[in-house]
Structures are given as C-alpha cells and as structure tokens.
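Coordinates in review
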Amino acid sequence: MERTFLAIKPDGVQRGLVGNIISRLEAKGFQLVGLKMLQVSRELAEQHYAEHKEKPFFGGLVDFITSSPVVAMVWEGKEVISTARKMIGSTNPLSADNGTIRGDFGIEIGRNIIHGSDAPDTATREIALWFSDAELASWKSTTAGWIYE
C-alpha cells in the first residue's frame with residue numbers, strides 16, 4: 001500500500017473543516033496511519049517549502065503555514081497519492097472542480113485549505129519531515145476486505 005502526506009492548513013483548521021476533510025478520506029476507503037495537530041515552526045516550514053526558497057512567494061508561504069495550527073496526516077491506500085490529489089482539487093480553488101476539497105471550500109489561491117504530496121518521492125520526504133516512525137501506526141482495518149479485492 002502507498003502512503004501520502006496531507007496537511008490541513010491554518011485556514012482549514014480555523015474554519016473548522018478538519019472533520020469534514022478526514023471524513024471524506026475515510027469514506028473513500030483510505031486508512032489514517034498518522035495524525036497530529038501542531039504549531040509549525042519556521043524551521044519546519046522552510047524545510048517543507050524548500051523547493052520554493054528562491055521564489056518571491058516563499059516568505060508568504062512560510063508566514064502563512066506558521067500563523068496558526070496545522071493538522072498533519074499520513075494516509076495509506078491503493079494509489080492514495082494520485083487519488084488524494086484528485087479529491088483535493090486544483091491549487092487555485094476557483095479552478096478546482098465542485099466536489100473537491102478546494103472547489104467546495106476555497107476561494108483564494110493563498111487560502112486553499114490543504115496540502116497533499118504530489119509524487120511518491122515527495123510523500124516519502126514529507127512524511128519523514130513531519131513524522132517519526134514511532135508516530136505512524138501500521139494496522140489492518142477490518143473493512144479492508146470490503147474495499148480491496
């Protein structure tokens with residue numbers, strides 16, 4: 001099974017969307033294996049957004065992600081990375097399809113509710129950055145047989 005990193009950003013936490021987002025992923029059939037709420041340090045934010053360091057919006061990304069608590073999660077399932085990205089929707093909420101998290105709840109690109117890893121290498125890096133091995137639970141859901149052949 002594949003794993004991915006998702007983070008409900010400060011705007012999603014402040015707007016009370018945590019439960020709704022988790023419910024959508026659980027209803028899809030994905031399994032939550034790591035979950036924590038934290039106030040993100042500047043150091044962690046800068047590491048997370050390292051690929052954007054030279055871009056003009058880098059400082060704004062870091063300021064925003066450190067402005068309020070974030071809910072960090074690791075989800076597991078078949079093709080969870082690409083499927084979660086579809087469920088999240090386009091980066092710009094105004095371009096995101098209805099039915100996606102961003103399409104349903106977002107308006108501004110700078111307040112787009114959630115982050116999701118975009119590829120297996122990114123997911124591996126982000127999971128290791130945000131979670132220790134001890135913070136991840138490996139478990140078998142009793143419903144797995146009803147989701148997977």
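Preceding block: the structure.
Just so it is clear, the model here is predicted, and its values are computed rather than measured. Throughout, residues of each chain are indexed from 1 in the direction in which the sequence is written. In keeping with the predicted nature of the model, local features appear solely for residues at pLDDT of at least 70, side-chain atom pairs appear and are counted solely at 80 or more, and the whole-chain, interface and lining totals rest on all residues. Side-chain metrics in this entry use all non-hydrogen atoms of the structure; hydrogen atoms and water are not considered.

The subject of this paragraph is the overall build of the chain. Helix and strand assignments follow DSSP, with helices taken as H or I runs no shorter than four residues and strands as E runs no shorter than two, numbered in order from the N terminus. When you go through the chain residue by residue, the secondary structure sums to eight helices and four strands. In the chain, the succession of helices and strands from N to C terminus is β-α-α-β-α-α-β-α-α-β-α-α. On C-alpha atoms alone, the chain measures out to a radius of gyration of 15 Å, which is about the 15 Å that the 2.2 N^0.38 rule sets for 149 residues. Burial here depends on accessible area, computed with a 1.4 Å probe over protein chains only, as a share of the maximum for the residue type. Under 20% is buried, over 50% is exposed, and the range in between is partly exposed. In the chain, buried positions account for 46% of the 149 residues. Here a residue-residue contact requires only that any non-hydrogen atoms of the pair lie within 4.5 Å. A separation of at least 24 residues holds for 78% of the contacts in the chain among residues at least 6 apart in sequence. The quantity called the radius of gyration is restricted to C-alpha atoms. Its globule counterpart is 2.2 Å times the number of residues to the power 0.38.

Looking now at the packing of aromatic side chains. Paired rings are identified among Phe, Tyr and Trp, the last through its six-membered ring, by centres lying within 6.5 Å, and are further divided according to the angle between planes into stacked (under 30 degrees), edge-to-face (over 60) and tilted (the rest). Applying the stated criterion to the full structure yields one aromatic pair. Across from the ring centre of Phe131, 4.7 Å away, lies the NZ or CZ of Lys36, which sits over that ring. The criterion is that NZ of a Lys, or CZ of an Arg, lies within 6 Å of the ring centre and within 35 degrees of the ring normal, and then a charge sits over that ring.

Our next topic: the nonpolar core. Side chains of nonpolar character tend, in soluble globular proteins, to be buried together. Remark: nonpolar core denotes a set of buried residues (Ala, Val, Leu, Ile, Met, Phe, Trp, Tyr, Cys) joined through side-chain atoms within 4.5 Å. Core analysis: the largest hydrophobic core is formed by 21 residues, its most contacted members being Leu6, Ile21, Leu25, Met73, Trp75, Ile101 and Ile113. Ranked by the residues each element gives to this core, the list is headed by helix α5 (residues 80-88), at five residues. Residues within four places of Leu25 in sequence aside, it is in contact with Leu6, Phe30, Trp75 and Met87.

In this section: the side chain of Ser68. In this structure, Ser68 sits in the loop between α4 (58-65) and β3 (70-77). With residues up to four places along the chain from it excluded, the contact list for Ser68 reads Pro10, Gln14 and Gln39.

Pairing is possible between side chains that carry opposite charge, provided their charged atoms lie close to one another. Salt bridge, as used here: a side-chain nitrogen of Lys or Arg that lies within 4 Å of a carboxyl oxygen of Asp or Glu. Counting across every chain of the model gives five salt bridges. Between Arg125 and Glu51 there is a salt bridge, with its nearest N and O atoms 3.5 Å apart. With Arg125 in helix α7 (residues 120-130) and Glu51 in the loop between α3 (42-48) and α4, the pair connects residues that are 74 residues apart, well separated along the chain. Using a relative accessible area of 34% as the deciding quantity, one classes Arg125 as partly exposed.

Further remarks concern the environment of Phe105. You can see Phe105 is positioned in helix α6 (residues 101-105). According to the relative accessible area criterion, Phe105 is buried, its value standing at 18%. Taking the C-alpha atoms as reference, Phe105 lies 25 Å from Trp130; in sequence the two are 25 residues apart. In this structure, Phe105 is in contact with Arg15, Leu17, Asn20, Arg24 and Ile113, ignoring residues within four places of it in sequence.

Looking at the secondary structure, you find Gln31 in strand β2 (residues 31-38). Counted as a polar contact is a pair of N or O atoms within 3.5 Å, where, for protein atoms, one must be capable of donating a hydrogen and the other of accepting one, and residues adjacent in sequence contribute only when both atoms are in side chains. Side-chain polar atoms of Gln31 contact the backbone oxygen of Trp139, separated by 2.6 Å. If sequence neighbours within four positions are ignored, Gln31 has contacts with Val74, Trp75, Glu76, Trp139, Lys140 and Ser141.

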